[in-house]
Structure formats: C-alpha cells, structure tokens
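Understanding the architecture of this molecule
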Amino acid sequence: MKVLVIGSGGREHALVWKLSQSKRVKKIFCAPGNAGTAEFAENVPIPADDIEAMLKFALKEKIGLTVVGPEAPLVNGIVDEFQKKGLRIFGPNAKAALIEGSKAFSKEVMAAAGVKTAAYKVIVGIDEAQMSLGDFEKAAVKADGLASGKGVFICNSKSEIMGAVNKLLQGKIFGDAGSRIVVEELLEGEEASILAFCDGKNVKLMVSSQDHKRIFDNDKGANTGGMGAYSPAPIVNGLEKKILQKVMLPVMKELAKRGAPYKGVLYAGLMIKGKDFKVLEFNARFGDPETQVVIPRLENDLVDVLEACIDGKLDKIDLKWREGSACCVVLASKGYPGEYEKGKEIQGLANAKAFKDVFVFHAGTKLENGRVLTNGGRVLGVTGLGKSIKEAIANAYTGVSQIDFEGMQFRHDIGKKALGRK
C-alpha cells in the first residue's frame, strides 16, 4: 500500500523509518517532511495544517493509510474530512482530539470520568483572574488551546501567576490559544509519559517514557517542546495496570459516552509521587520526543497496529517490545525556544549513524544543494539503544559527539533521573 505521514518533525521521521520496515508498504510520502524523511519517503511540499490540499493529494495518489503526526490537523478535523471520502486515516476525529485541543475540556472529561488531576480554575478575563485566583500560592498557568507544547508557565508566587495570566490574556503571546486559560495547583513529584494505542473501546499501553521539557540541564530555563526522552521510565514501574484502569479506560469510556469514541494514540502526561499519580494533561497523538525512544523499541509491524486501531480490532494485537532501554537527546538551534537562526550546515551525520544502536532522527532540517541545513528550533534527535539505561545514554551521547552545527545546544543530563533506579 501507499502510506502518507503528515508532519515534519523528529516524530514523523521516526514513524516514516518504522513504516519503511513493513513488508506491506510499497511507497511512503511525507508532507511536508524534512531532510531525514527524504531517505525513506518522497517529501511533498504541503503544510501539515492544509487539510484541503492534503485530502486532494491522498485521493489523487490513492493513499491506503494516512498517519497524522502533529496535533493541529487532528484538532481541526483532518480525520473527519478523510473519512468522509472513504480514506483510511490513523488518529482521533475532531471531537475526540479536543482532549488536547482544550485544557478546559480535558479537565471536564477527567472530572466526569473520576480521573485524579490537579485542582483548577478556568479563566477568561483579567478581572475574573484577580477575583478568583487568591487561593493559589503556586500554580501552573496554561493556555487553553494549542501552543506547540510551550503554553505552560510554572509560577511559584502570586505575582508570577498574575504575570503569566497577563502575558496570555492581555499580551496574547499565544494568540487565540491563550484567550481562555486554565490555572491549576502545582503538583509535586516527577513527570512521566504514557502513550497508548486505542481503537474506540480497547486500549494497549506502550512502554513508558520520560520527557525533559526545560531547555537547560537540571530542569532549568524555559519550557520547550521537549529536549530529550528515555524509555522505560523506572518511576512508572509497577503502575502500568493502575494507569490503564484508573486513567486510560475511564477517559475512553467517558469520550465514547459523549459521542466521541477515541481511535488513535492517547498520551497521558502524569505527575508521579511514590505509588500515587495525577494526570497533568492529555495529548491526542504520538509525543515528540517520546516517539523517538518508544517506536524503536516496538517489534510489531506498525501498519498492523495502526490498522487494528482503525478497525476496532486492537484486542487481536499482541504488542511486543525490544528488551533494554532507549535515550534520545535533542540538538537545538541557538536561541531556542526563543528566536533562532536557520540555514546552518550540519556536519557529522554519517559518522553518528555509523555507530551500532545509534539513530539520528531529523526534525528542523532541510536539504539544499546536497547539504543538510538547520530549519527549525529542534533540529535533530539522537537516539541510542542499549541493554541498560546507562548504555542507551552512552550510545546517544556518542552519536551527539559526532554532530556539529553553528550554535548547537543540547542538555547533558537526559536520562540522569533513571540512573540508580530499578
């Protein structure tokens, strides 16, 4: 079959790489893709959020399966439009994708489903904020809509809370995404990511992972889209069954009750403290950079799994995972997550890929006259596999040591939290 992957990040490169290994796939297109996806797929210059152009292309090429990477097309209804034309597409429809598209909706669903989460308030105006936020000494202030993973402010005082509220509601730094905000209690513990395949009624958890959101070592600096990840996350060990029963299945049931049966990847961001946990947020798609450590460990044919989700037959699939660990280190442009320059030539890619158990997944890159140039904030994700997390980390940073571009920045402590844990 012909497969279309939508998106241009490291997540999409990892998906294209995995799909290329399927005997069922004849050709892969990636729209718009990057310099890395071009190795396995034909890149198509259609923006990921141009649903009309994407639909025309899929119909013209007789695409047998479309896989949506980023959240915006899902929230904007690309699955609904493809299904109207009889096209097979992996991902939740617009109604179900609202679990990520609106923080307030997500909180409402969790409350109805009995899922533990932080206490919160939904705010739509400055006057309302000043009147109703007196109870919060510390808080996470979140844009209600999509903000590319950057719409969260961690505030440790009332003045910081109001400062974040002002930036979102009056400064409109995230546009309409911040016209309504969610302010919630600041939870203590350690974050982890659980991704699950869903077919509308059945749920199968993927191996756990942990993202690193802050730009600098030791979780300092601004929030980013993610500076690295590792899998599995030892802090999750033993909690998987409870997460399935107390989080994933109740949310699936609640969405189905609302006429929005969920098919696709449901991603729960958890705050874990001891053996207890609460849900921070849900995403309606594969995570980035979590995909770059989870998918290399999946032994199944990815096409089989995705089609089982579409057809409501996920219970027939036995997910198999590679033993050991994976670690991904993100290499970013100077200035990210703020303003950054593009067009810097990347050196050493072939050297990094020559190492066993090292994979280089492209994100913000482009090909120009045979050269690979930077073309985004997060440029590359270097993934290392290993029998232990220590070995996976070492392999990832060995790959990183071979690569260079002007202004390259990365964290030196990805996976450190897992060391010493079982």
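Residues numbered from 1 in each chain as written. Predicted model: local features only at pLDDT ≥ 70, side-chain atom pairs only at ≥ 80, totals over all residues. Heavy atoms only, no water.

Remarks on helix α8 (residues 158-169)
Along an α-helix, residues three or four positions apart point the same way, because every turn accommodates 3.6 residues. With 12 residues, α8 ought to run about 16 Å at 1.5 Å a step, and its terminal C-alpha atoms sit 16 Å apart, in line with that. Along α8, the residues classified as buried are Ile161, Ala164, Val165, Leu168 and Leu169. Take α8 and look down its axis: the buried residues cluster within an arc of 115°, on one side only. Looking at the buried residues of α8, the elements they touch are β6 (120-123), α7 (126-132), β7 (139-143), β8 (152-155) and β9 (181-185). (Helix = DSSP H or I, 4+ residues; strand = E, 2+ residues; numbered from the N terminus. Expected span 1.5 Å × (residues − 1). Buried < 20%, exposed > 50% of the residue type's maximum accessible area, 1.4 Å probe, protein only. Arc of directions from axis to C-beta. Contact = heavy atoms within 4.5 Å.)

Concerning the nonpolar core
In this structure, Ile78 and Ile403 are the most contacted members of the largest nonpolar core, which totals 78 residues. Leave out the neighbours within four places in its chain, and Ile78 touches Ile6, Ile51, Met54, Val68, Pro73 and Ile89. In this structure, Val67, Phe90, Phe197 and Leu319 belong to the second largest nonpolar core, which totals 41 residues. (Core = buried A, V, L, I, M, F, W, Y, C linked by side-chain atoms within 4.5 Å.)

Observations concerning the packing of helix α5 (residues 94-101) against helix α6 (residues 103-113)
At a minimum axis separation of 6 Å, α5 and α6 run at an interaxial angle of 100°. When the interaxial angle is binned, α5 and α6 end up roughly perpendicular. Side by side, α5 and α6 meet where Lys95, Leu98, Ile99 and Gly101 of the first sit next to Lys103, Phe105, Ser106 and Val109 of the second. Partitioned by chemical class, the residues of the contact of α5 with α6 number four nonpolar, two polar and two charged. (Axes fitted to C-alpha atoms, helices over the stretch in contact; angles between N-to-C directions. Parallel < 35°, antiparallel > 145°, perpendicular 65-115°, else oblique. Nonpolar A, V, L, I, M, F, W, Y, C, P; charged D, E, K, R; others polar.)

A look at the sheet that holds strand β19 (residues 358-362)
Judged by pairing direction, the sheet is antiparallel, and its five strands sit side by side in the order β12-β15-β18-β22-β19 without closing on themselves. Because the sheet does not close on itself, it has two edges, and the strands there are β12 (210-211) and β19. Here strand β18 (residues 325-332) runs beside strand β22 (residues 378-386); their pairing, made up of eight bridges, is antiparallel. Counterpart to Val329 in the pairing with β22 is Val382. (Pairing = 2+ DSSP bridges.)

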